[in-house]
Amino acid sequence: MAEETRSSKMPEDDIILQQQFRRALSSFEGIILSQIDIKNRLGDRLNYSIQAGIIVLGLIAVSILVLLLTLSSQITRISGVVAEMNKHFISVSDQMHRIEGHMGSMEQRVALLSSVEARMALMDREMTSIRRDMDAMHGSVDDIDMALSAVRTNVRNISVNMDLMNLEVQTMSGQMIDISRPARTMNRMIPFP
């Protein structure tokens, strides 16, 4: 009789255990499926964020390229202007040498004309006009010197601005390296195919 009670309890316990096992198995399967779904969503979000980061980095690279092209065109223009200024300075220097030659020949002629008394008054008038011209030339040379000093100041300012722009480009390069660190880390963790 005791064996019959035990045998009747065993199938009921087995049925209960099987039902509990099935419930546990279905809940475990639900948990695994929800974890897989969450992982898929996180993977999609990660892919979207990586794509957005790549787009942002591409935009930054394009803007840096545009900035560098603009700087290179400005440097070419500045070098052209400086070359033109050098040509003008050379022509001014040649003209000053010619003027010095003319002045030497004028002094020789004045020495030759000193023996002629009849034309001394005329020569005096010509000499005063020449002196006026020389004063005007000195004024022009002073103006040229002032213009040259202004040009030197502008060239110095341009050089300072170029140095500042170079420092900004170097700073931007450092910032690009800092910005790209998370993407490189992500690339190491999940490399692109």
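Residues numbered from 1 in each chain as written. Predicted model: local features only at pLDDT ≥ 70, side-chain atom pairs only at ≥ 80, totals over all residues. Heavy atoms only, no water.

**Quick look at the overall build of the protein**
Item 1. In terms of helices and strands, the protein carries two helices and zero strands.
Item 2. The C-alpha radius of gyration computed for the protein amounts to 46 Å, which surpasses the reference 16 Å derived for 193 residues by more than 25%, pointing to a less compact arrangement than a globule.
Item 3. Put simply, the protein has 193 residues, and 4% of those count as buried.
Item 4. Element-wise, carbon and sulfur atoms account for 63% of the exposed surface of the protein, whose accessible area totals about 16100 Å².
Item 5. Separation of charge centres in the protein, based on 20 positive and 23 negative side chains, amounts to 3 Å. (Helix = DSSP H or I, 4+ residues; strand = E, 2+ residues; numbered from the N terminus. Rg over C-alpha atoms; globule rule 2.2 N^0.38 Å. Buried < 20%, exposed > 50% of the residue type's maximum accessible area, 1.4 Å probe, protein only. Areas by Shrake-Rupley, 256 points an atom, 1.4 Å probe, with all protein chains shown as cover. Lys, Arg positive; Asp, Glu negative; His and termini not counted. Charge placed at Lys NZ, Arg CZ, Asp CG, Glu CD.)

**Topic: the pattern of salt bridges**
Item 1. Applying the stated criterion across every chain, the model contains three salt bridges.
Item 2. Across the salt bridge formed by Asp-37 and Arg-41, the nearest N and O atoms sit 3.2 Å from each other. One end of the pair, Asp-37, and the other, Arg-41, are both in helix 1 (residues 2–113), four residues apart, so they sit about a helical turn from each other.
Item 3. By relative accessible area, which is 34% here, Asp-37 ends up partly exposed. (Salt bridge = Lys/Arg side-chain N within 4 Å of Asp/Glu carboxyl O.)

**Describing a nonpolar patch on the surface**
Item 1. Among the surface-exposed residues, Phe-21, Leu-25, Phe-28, Ile-32, Leu-33 and Ile-36 lie close enough to one another that they form a single nonpolar patch of about 600 Å² accessible area.
Item 2. Assignment of secondary structure puts Ile-36 in helix 1. (Patch = residues over 30% accessible without salt bridge, like charges linked within 9 Å, V, L, I, M, F, W, Y side chains within 5 Å.)

**Section: helix 2 (residues 120–189)**
Item 1. Along its 70 residues, helix 2 runs 101 Å from first to last C-alpha, staying within 8% of the 104 Å computed at 1.5 Å per residue.
Item 2. The sharpest bend along helix 2 comes to roughly 35 degrees, located at Arg-181, with the proline Pro-182 sitting one to four residues further on.
Item 3. All buried positions along helix 2 are accounted for by Met-123, Leu-148 and Ser-180. (Expected span 1.5 Å × (residues − 1). Bend = angle between axes of the 7 residues up to and from the residue.)

**Some words on the environment of Ile-75**
Item 1. On the secondary structure map, Ile-75 appears in helix 1.
Item 2. Judged by relative accessible area, which is 41%, Ile-75 ranks as partly exposed.
Item 3. Put simply, Ile-75 and Ile-130 are 55 residues apart on the chain and 44 Å apart in space, counted from C-alpha to C-alpha.

**Some remarks on the environment of Arg-77**
Item 1. With respect to the helices, strands and loops of the structure, Arg-77 is situated in helix 1.
Item 2. For the pair Arg-77 and Leu-148, spaced 71 residues apart in sequence, the C-alpha separation works out to 19 Å.

**A look at the environment of Ile-190**
Item 1. By the element assignment, Ile-190 lies in the segment after helix 2.
Item 2. According to the relative accessible area criterion, Ile-190 is partly exposed, its value standing at 41%.
Item 3. A C-alpha to C-alpha distance of 9.9 Å links Ile-190 and Leu-46, two positions 144 residues apart in sequence.

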